[in-house]
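Topology and contacts: notes
Here's the letter readout for the chains.
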Amino acid sequence: MSSSDIFIGETIGTAILILLGGGVCAAVTLKASKARNAGWLAIAFGWGFAVMTAVYISGPLSGAHLNPAVTVALAIKDGEWSNVPTYLAGQLLGAMIGAALVWVAYLGQFQAHLTDREIVGEPVAPDTADKAVEAQEKGAGPVLGIFSTGPEVRNTVQNLLTEIVGTVVLILAVLTQGLNDNGNGLGILGGLITALVVVSIGLSLGGPTGYAINPARDLGPRIVHALLPLPNKGGSDWSYAWIPVVGPLVGGAIGAGVYNLAFA
């Protein structure tokens, strides 16, 4: 695979992943959506199908890593790091594009949701607006969960360990069941297996943190949330943002290490 194929494949694939994954979160969250309150099952299966679709679209070009944790794990497994920056750049750009497309697809719903007094409360007086925004920026705004993850119980050690454990499960599944014949990305059957594993992780381990298990999936959309002109969007919770980046990367390294010790 050429560097251009890798970059294009990862950009397109990760954009599709976030468009469909973030899209199901928007569908369940936004008040004017037909799927509002569809629940955690819808989110878990929506993300699983998003992974499957993105893998099948991008696999022929880049091997469909779609996740820096997968890229790092494969680099540790094979000792080949030359293409890692290209993969990571495509993944982050694709995640941002996908998040922006979620905003485009649900533009009217975002506007209705974030101007609804039941959601955001009474209008803020002009002389206190700056203080209100400052207070919101300390935490998550009312639609941040559409773009990125957050903990139900804010405990740094537990939140980090949850992301590490979930990512180890994902990486072991990818390395033992999911790789194509060349071993450098997900194969046709491996894409389906990995999608089902993502559903399993969401159902079993997603409750505490929302299961990022993918640094690009969380960081790219969080940046887009911070940049988008959404009314009353609140904060992007940057104090938490390092956990869904560091946790999956550590989990990817551990998963690759376990694979090399036990299976290689």
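Just above, that's the structure.
Attention here is on the structure that accompanies the text. As the structure is a prediction and not an experimental result, all values here were calculated from the model. Just so you know, the residues in each chain are numbered from 1, in the order the chain's sequence is written. Selection of residues for local features in this predicted model requires a pLDDT of at least 70, selection of side-chain atom pairs for listing and counting requires 80 or more, and totals for whole chains, interfaces and linings are taken over all residues. The side-chain numbers reported here are obtained from all heavy atoms of the structure, hydrogens and water having been left aside.

Time to look at the side chain of Thr 11. For helices the rule is a DSSP run of H or I covering at least 4 residues; for strands it is a run of E covering at least 2, with both sets numbered from the N terminus onward. Inspection of the secondary structure assignment puts Thr 11 in helix H1 (residues 3-29). When its relative accessible area of 11% is taken as the criterion, Thr 11 is described as buried. Within the structure, Thr 11 has its side chain in polar contact with the backbone oxygen of Gly 90 (distance 3.5 Å). Beyond its immediate sequence surroundings of up to four residues, Thr 11 is in contact with Gly 90, Leu 93, Gly 94 and Ile 97. With a 1.4 Å probe rolled over the protein chains alone, any residue whose accessible area is under 20% of its type maximum counts as buried; one over 50% counts as exposed, and the rest are partly exposed. Between N or O atoms, a polar contact is any pair within 3.5 Å; within protein, one atom must be a potential hydrogen donor and the other a potential acceptor, and residues adjacent in sequence are included only when both atoms are from side chains. Any two residues whose heavy atoms approach within 4.5 Å at even a single point are treated as in contact.

Put simply, buried Ala, Val, Leu, Ile, Met, Phe, Trp, Tyr and Cys residues joined by side-chain atoms within 4.5 Å make one nonpolar core. Among the nonpolar cores identified, the biggest contains 48 residues, and Leu 17, Trp 47, Phe 110, Val 143, Ile 146, Phe 147 and Tyr 211 are the most heavily contacted of them. Not counting the four nearest positions on each side in its chain, Phe 110 is found in contact with Leu 30, Val 102, Trp 103, Val 143, Ile 146, Phe 147 and Leu 230. Among the nonpolar cores identified, the runner-up in size contains five residues, and Leu 160, Val 168, Tyr 240 and Ile 243 belong to it.

Here we take up unusual backbone geometry. Backbone geometry at Ile 213 places phi at a positive 45 degrees, although glycine is not the residue there. Within the fold, Ile 213 resides in the loop between helix H10 (188-205) and helix H11 (215-227). Taking the relative accessible area as the measure of exposure, Ile 213 reaches 6% and is therefore buried.

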